[in-house]
Amino acid sequence: QGNREASDRFFERAVSSYKDRQARGADDAATKYYLASAHALRGDVERAVRYLRESFASLRPLNSARAGLDEDFDPIRDHPQLRALLETSASQVFR
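For clarity, every value in this text was computed on a predicted model and none was experimentally measured.

**Student:** Help me out: how do you make sense of the side chain of Asp70 in this one?
**Tutor:** Considering the arrangement of structural elements, one finds Asp70 in the loop between helix H3 (45–69) and helix H4 (80–93). No salt bridge is formed by the buried Asp70, whose closest oppositely charged neighbour, Arg66, lies at an N-O distance of 5.3 Å.

**Student:** In this structure, what is going on with the packing of helix H2 (residues 29–41) against H3? I would like to understand it.
**Tutor:** H3 packs onto H2 with a crossing angle of 125° between their chain directions and a minimal axis gap of 7 Å. For the element pair H2 / H3, the angle class is oblique. Relative to H3, the crossing made by H2 is left-handed. Along the contact surface, H2 presents Ala29, Ala30, Lys32, Tyr33, Tyr34, Leu35, Ala36, His39 and Ala40, while H3 presents Arg47, Ala48, Tyr51, Leu52, Glu54, Ser55, Ser58, Leu59, Asn63, Arg66 and Ala67.

**Student:** When you look at the side chain of Thr31 in this model, what are you seeing that I'm missing?
**Tutor:** Examined against the element boundaries, Thr31 turns out to sit in helix H2. For Thr31, a relative accessible area of 18% corresponds to the buried category. Here Thr31 is in contact with Tyr18 and Arg21, once residues within four sequence places are set aside.

**Student:** Is there a simple way to think about the packing of aromatic side chains in this case?
**Tutor:** How two aromatic rings sit relative to each other is given by the distance of their centres and the angle of their planes. Tallied over the entire structure, the rule returns three aromatic pairs. Ring centres of Tyr33 and Tyr34 lie 5.7 Å apart, and the angle between their planes is 85°; on these two criteria the pair is classed as edge-to-face. Given a relative accessible area of 0%, Tyr33 falls into the buried group. Across the ring face of Phe11, the terminal group of Arg42 is positioned such that the distance to the ring centre comes to 4.1 Å. The aromatic ring of Tyr33 is capped on one face by Arg66, whose charged end is 4.0 Å from the ring centroid.

About the thresholds
- Residues numbered from 1 in each chain as written.
- Predicted model: local features only at pLDDT ≥ 70, side-chain atom pairs only at ≥ 80, totals over all residues.
- Heavy atoms only, no water.
- Helix = DSSP H or I, 4+ residues; strand = E, 2+ residues; numbered from the N terminus.
- Buried < 20%, exposed > 50% of the residue type's maximum accessible area, 1.4 Å probe, protein only.
- Lys, Arg positive; Asp, Glu negative; His and termini not counted.
- Salt bridge = Lys/Arg side-chain N within 4 Å of Asp/Glu carboxyl O.
- Axes fitted to C-alpha atoms, helices over the stretch in contact; angles between N-to-C directions.
- Parallel < 35°, antiparallel > 145°, perpendicular 65-115°, else oblique.
- Left-handed = near helix turned anticlockwise from the far one by under 90°.
- Contact = heavy atoms within 4.5 Å.
- Phe/Tyr/Trp six-rings, centres within 6.5 Å; stacked < 30°, edge-to-face > 60°.
- Lys NZ or Arg CZ within 6 Å of the ring centre and 35° of its normal.

Printed below as a string of structure tokens:
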């Protein structure tokens, strides 16, 4: 299980770093993907799906394929919101 307090600190630092980058104008799809995966690991479906959807804006084929295989999304893999996003994205990629 690891150390929950250390995990929380690293998570908060990652989110803070993302917000700092965003405030400086760096709002890239790769960073949003990693933020989505961090939220997924914590079981936060709403934020994971939101950031993953945003990451699809410019990197849909790559991030859709990655999220389908990425173990970081396993904690929410069966959630209807994630499943719907991945299914919709896959159908858009392969049109």
